[in-house]
Amino acid sequence: MKRLIALLLALLIVMPCAMAEEDPNAALVDIAREVAPRLSGLCAIEGYPELFTTNEDILDLVRQWGGDWPAETPPVRAGAAFVPQSATDALLGILAGQGLIAPELAYYGDFLLTRIATVPASTLNAQQGTNWVAASAMAGYSEVRAMDVPENGCAWVLLDYGSEHPMVLVSFCLRAEGTASINAAFVDPGAIAEPVFAVLSGAVDLKSMLTGLALGALSAENEAAETLNALLPLLDELRLSAY
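Residues numbered from 1 in each chain as written. Predicted model: local features only at pLDDT ≥ 70, side-chain atom pairs only at ≥ 80, totals over all residues. Heavy atoms only, no water.

Time to look at the packing of helix H5 (residues 85–97) against helix H6 (residues 109–116). Where H5 contacts H6, the two axes come as close as 10 Å, and the packing angle between them is 105 degrees. One finds that H5 runs roughly perpendicular with respect to H6. From H5, Gln85, Thr88, Asp89 and Leu92 reach across to H6, where they touch Gly109, Asp110, Leu112, Leu113 and Ile116. Within the contact of H5 with H6, the residues separate by chemical class into four nonpolar, three polar and two charged. (Axes fitted to C-alpha atoms, helices over the stretch in contact; angles between N-to-C directions. Helix = DSSP H or I, 4+ residues; strand = E, 2+ residues; numbered from the N terminus. Parallel < 35°, antiparallel > 145°, perpendicular 65-115°, else oblique. Contact = heavy atoms within 4.5 Å. Nonpolar A, V, L, I, M, F, W, Y, C, P; charged D, E, K, R; others polar.)

Take the sheet that holds strand E2 (residues 141–146) next. In sheet architecture, strand pairing relies on hydrogen bonds along the backbone and comes in two forms, parallel and antiparallel. Taken together, six strands build an open sheet; the order of strands is E2-E5-E4-E3-E1-E6 and the sheet is antiparallel. What marks the edges here is a single partner per strand, and that holds for E2 and strand E6 (239–242). With direction set aside, neighbouring strand axes in the sheet form an average angle of 15 degrees. In this sheet, strand E4 (residues 167–175) lies alongside strand E3 (residues 153–160) in antiparallel orientation, the contact comprising seven bridges. In the sheet register, Gly153 faces E4, and the bridge partner there is Leu174. (Pairing = 2+ DSSP bridges.)

Our focus in this paragraph is helix H2 (residues 24–44). Helix length check: H2 (21 residues) gives 31 Å between terminal C-alpha atoms against 30 Å at 1.5 Å per residue, within 8%. Residues Asn25, Leu28, Val29, Ile31, Ala32, Val35, Ala36, Leu39, Ser40, Leu42 and Cys43 constitute the buried set of H2. (Expected span 1.5 Å × (residues − 1). Buried < 20%, exposed > 50% of the residue type's maximum accessible area, 1.4 Å probe, protein only.)

This model, assessed by the stated rule, comprises five aromatic pairs. When the ring of Trp65 is compared with that of Trp132, the centres are 5.0 Å apart and the planes differ by 65 degrees; the resulting orientation is edge-to-face. In this pair, Trp65 sits in helix H3 (residues 56–65) while Trp132 sits in helix H8 (residues 130–138), placing the two residues 67 residues apart along the sequence. The two residues Trp65 and Trp132 agree in class, both being buried. Here the aromatic rings of Trp65 and Phe186 are separated by 5.0 Å at their centres, their planes lie at 40 degrees, and the arrangement is tilted. A residue pair is termed long-range when its members are at least 10 positions apart, and Trp65 in helix H3 and Phe186 in strand E5 (residues 179–187) qualify at 121 residues. The structure contains a cluster of three or more aromatic residues connected by ring pairs, namely Trp65, Trp69, Trp132, Tyr161 and Phe186. When the ring centre of Phe197 is taken as origin, the NZ or CZ atom of Arg77, which lies over that ring, is 4.0 Å away. (Phe/Tyr/Trp six-rings, centres within 6.5 Å; stacked < 30°, edge-to-face > 60°. Lys NZ or Arg CZ within 6 Å of the ring centre and 35° of its normal.)

Relative to the assigned elements, Leu232 resides in the loop between helix H11 (224–231) and E6. The spacing of Leu232 and Thr211 is 21 residues in sequence and 7.2 Å in space, taken between C-alpha atoms.

Glancing now at the side chain of Asp160. Looking at the secondary structure, you find Asp160 in strand E3. Look at Asp160 and you get buried, because its relative accessible area is 8%. Side chain to side chain, Asp160 and Arg77 meet in a polar contact 2.8 Å long. Beyond its immediate sequence surroundings of up to four residues, Asp160 is in contact with Pro75, Val76, Arg77, Met167 and Phe197. (Polar contact = N/O pair within 3.5 Å; in protein donor to acceptor, adjacent residues only side chain to side chain.)

Every buried residue of helix H7 (residues 119–126) is listed here: Ala121, Leu124 and Asn125. Down the axis of H7, the buried side of the element spans an arc of 95 degrees, and every buried residue falls inside it. Elements that come into contact with the buried residues of H7 comprise H8, E4 and E5. (Arc of directions from axis to C-beta.)

Geometry only, nothing functional implied.
Structural data, given as structure tokens:
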């Protein structure tokens with residue numbers, strides 16, 4: 001009996017440490033690193049980009065992205081973010097309550113989750129000109145796989161391979177029933193790359209930043225203050241990390 005009690009006490013001591021060491025985002029980074037070579041490999045297949053265009057400028061971009069370099073070169077750094085569906089549903093409710101979106105959209109949270117997952121890549125690439133937009137669209141890779149998913153939500157992994165290659169952004173639409181839609185795209189974050197990694201690493205406190213904006217809006221009697229204050233609790237649900 002004494003041995004059993006001692007064993008249970010040891011487990012109680014060890015288990016919190018083990019749980020603290022678990023990092024769900026790290027598993028997403030591993031999957032992203034596995035998917036990235038599939039994306040570049042697709043671009044390297046002879047004749048693949050020509051299925052979509054004859055524009056040589058666009059074809060040159062796609063060809064530059066092709067090859068085995070994601071598998072051969074470890075990322076210089078990686079960042080990951082997870083947003084549970086409960087947070088996106090709450091966000092839609094806040095925006096609808098503030099009159100910023102139509103109230104009907106709040107009932108489409110499950111559908112919008114799949115669209116929200118791909119917004120960052122398309123938004124980043126929209127800043128790079130029409131050739132980059134066209135090239136990144138035809139070079140996109142997607143798959144659906146079974147995964148151990150604890151809760152519904154969206155996740156993003158940004159892989160930085162250094163100045164010689166574009167970054168790869170892998171988005172996840174995670175379903176609690178155990179499936180994930182995964183999309184990979186080449187991106188060029190440009191000037192926002194450093195701020196993004198600063199936030200993901202914790203070097204910049206996103207909640208403090210948003211609190212400051214809310215206080216500034218409040219002092220200026222700006223209507224945005226109410227919206228910003230409503231968003232603050234949602235930041236506690238985000239899971240951010242950098243590697």
